[in-house]
Amino acid sequence: MERKWWALLAVATGVFMSTIDGSIVNIALKTLQESFGAGLHEVEWVVLAYLLGITCLLPGMGRLGDMIGKRSVYLIGFVVFTISSALCGLAWSIDALIGFRILQAIGAAMIQGVGAALLVEAFPPSQRGQALGYIGTAVAAGILTGPVLGGALIDAIGWQAIFFVNIPIGIAAIALTLYALPSDRTHTAQRFDLAGAGLLSIGLLLVLLALTEGQVWGFDDWRTLAAMGSGSALLVCFVWWEYRASAPMIDLRLFRTPAFSFSLMAAFLIFLAGAFNFLLIPYYLQKALGYSPQTTGLTLIASPLILSLVSPISGRLSDRFGARWLGIIGLTLTAAGLLSMATLTTDSSQMDVVLRLMLIGAGFGLFQSPNNSLIMGSVARANLGVAGSLLAVMRTLGQTTGVAIAGAIWAIRVTAAAGQQYEPITAAPPFALVAGMHDAMLVAAFLAALAIVPTLVRGQHSGEQQRDVARPVKVEG
């Protein structure tokens, strides 16, 4: 097997493992609550600490990979992730588990921050879309596997097993990375932009904290407003600093390239729209249709399953024909699928839901691979790590923002349909829950359709040659 396919396997393993760990813990929350005698909101931080940590650290890890070598960062990430997984399984309290999950997020950010860049360097530009399409399949496989594997491990062994399972996978991935990816350690006179990294990381953390905790505190609570205000101020300071830094963490000139900036904008919008579906459909299935958690899970796999099949095909097509029209078709299908969700009722069948989820999955798959390929192909090799990390940030930021907006819209519209306030909102009558979902899905469909605008104006090319400037000097070892 050619070395590039071994490289694909190494990167896909990292993406698969870190994706699983973003979802596998969700199914263990009730068990963790009982084991540690902790409150639900406290246990939820086992998930939040991981997701927030990854998002805030991604840009810095991408930049670090560009400076000292992407394989080095990738390997260290696997080592940190594997060790922290073992520590999570040995955690003696909920606070210790949350702390080890932050350490695990550091490793995951290193893996995700340079994974796409490693793949772009391993494959020729004419196969970049195809390779990134397979990464889309790995993400979908992680989403599919996480809840199923987590449930089986918890039932058979206990909650510790969902962390210990990463140890053999991590060891195998380290060996695979050492074999498949050539050394790329570099000499650089540049210093890492600590001030920029700090401003961006803390700014993102505060904004994400406001979006996630605002759903508990209330979006008009002083804590939410303070976190959002101070986080936004720090992000403005970050932009000011980056324009003046001699060696900025993110070269803001990248955003002058339409293919790069507009593709990131489209990615943010589609993940923003997709979050509505992610949040509301499970509630619809369980509260309006009365499905069990198992039936709900089996229904929801329709979308990632189709996405995993479509992504490699879409990536291959983008290598041949370009990204623009594939992206537009994908966004149109996604918008149509989200719009069709607004026609579901309290009497809809499981197949009615599955067909709509399949349409959304096909749309996501058609859009994502060409869009990712265009982003990674529009920057110089010296900035691949930053580009890949920013793409991952747009995904997480879009999902987090989307969940907050979807939850707020849904709650307001459910209350309006029911004619009174319910606490929790899921206690409202099924007809009101469905009416609220209809209104929220109309907003989601609009956001997906809005993403067509930057996709249309950004440019066409996807398989162009990678611009090669400021190639770092390699050293042996």
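Worth saying up front: this structure is predicted, and the values here are computed from it rather than measured.

### Some words on the overall build of the protein
The secondary structure content of the protein amounts to 18 helices and two strands. Computed over its C-alpha atoms, the radius of gyration of the protein comes to 22 Å, within 12% of the 23 Å expected for a compact globule of 477 residues. Counting over 477 residues, the protein shows a buried share of 57%. Of all intrachain contacts in the protein linking residues separated by at least 6 positions in sequence, the fraction that spans at least 24 positions is 83%. Computing the positive centroid from 26 side-chain charges and the negative centroid from 24, the protein places the two 12 Å apart.

### Some points on the pattern of salt bridges
Throughout the structure, instances matching the rule amount to five salt bridges. For the salt bridge of K70 with E121, the shortest nitrogen-to-oxygen distance reads 3.3 Å. Of the two residues, K70 is situated in helix α4 (residues 70–89) and E121 in helix α5 (residues 94–122); the sequence distance between them amounts to 51 residues. We classify E121 as partly exposed; its relative accessible area is 33%. The partner of D221 in a salt bridge is R223, and the shortest N-O contact between them spans 2.9 Å. Taking relative accessible area as the criterion, D221 reaches 16% and is therefore assigned buried. Salt bridges sharing common partners tie together D66, K70 and E121.

### Description of the nonpolar core
Side chains that are nonpolar tend, in soluble globular proteins, to be buried together. Core analysis: the largest hydrophobic core is formed by 62 residues, its most contacted members being Y74, L119, I250, F260 and M376. The contact partners of Y74, leaving out residues within four places of it in the chain, are A10, V11, G14, M110, I111, V114, G115, L118, T177 and L181. Among the nonpolar cores identified, the runner-up in size contains 49 residues, and L279, A288, M341 and A428 belong to it.

Rules used in this analysis
Residues numbered from 1 in each chain as written. Predicted model: local features only at pLDDT ≥ 70, side-chain atom pairs only at ≥ 80, totals over all residues. Heavy atoms only, no water. Helix = DSSP H or I, 4+ residues; strand = E, 2+ residues; numbered from the N terminus. Rg over C-alpha atoms; globule rule 2.2 N^0.38 Å. Buried < 20%, exposed > 50% of the residue type's maximum accessible area, 1.4 Å probe, protein only. Contact = heavy atoms within 4.5 Å. Lys, Arg positive; Asp, Glu negative; His and termini not counted. Charge placed at Lys NZ, Arg CZ, Asp CG, Glu CD. Salt bridge = Lys/Arg side-chain N within 4 Å of Asp/Glu carboxyl O. Core = buried A, V, L, I, M, F, W, Y, C linked by side-chain atoms within 4.5 Å.

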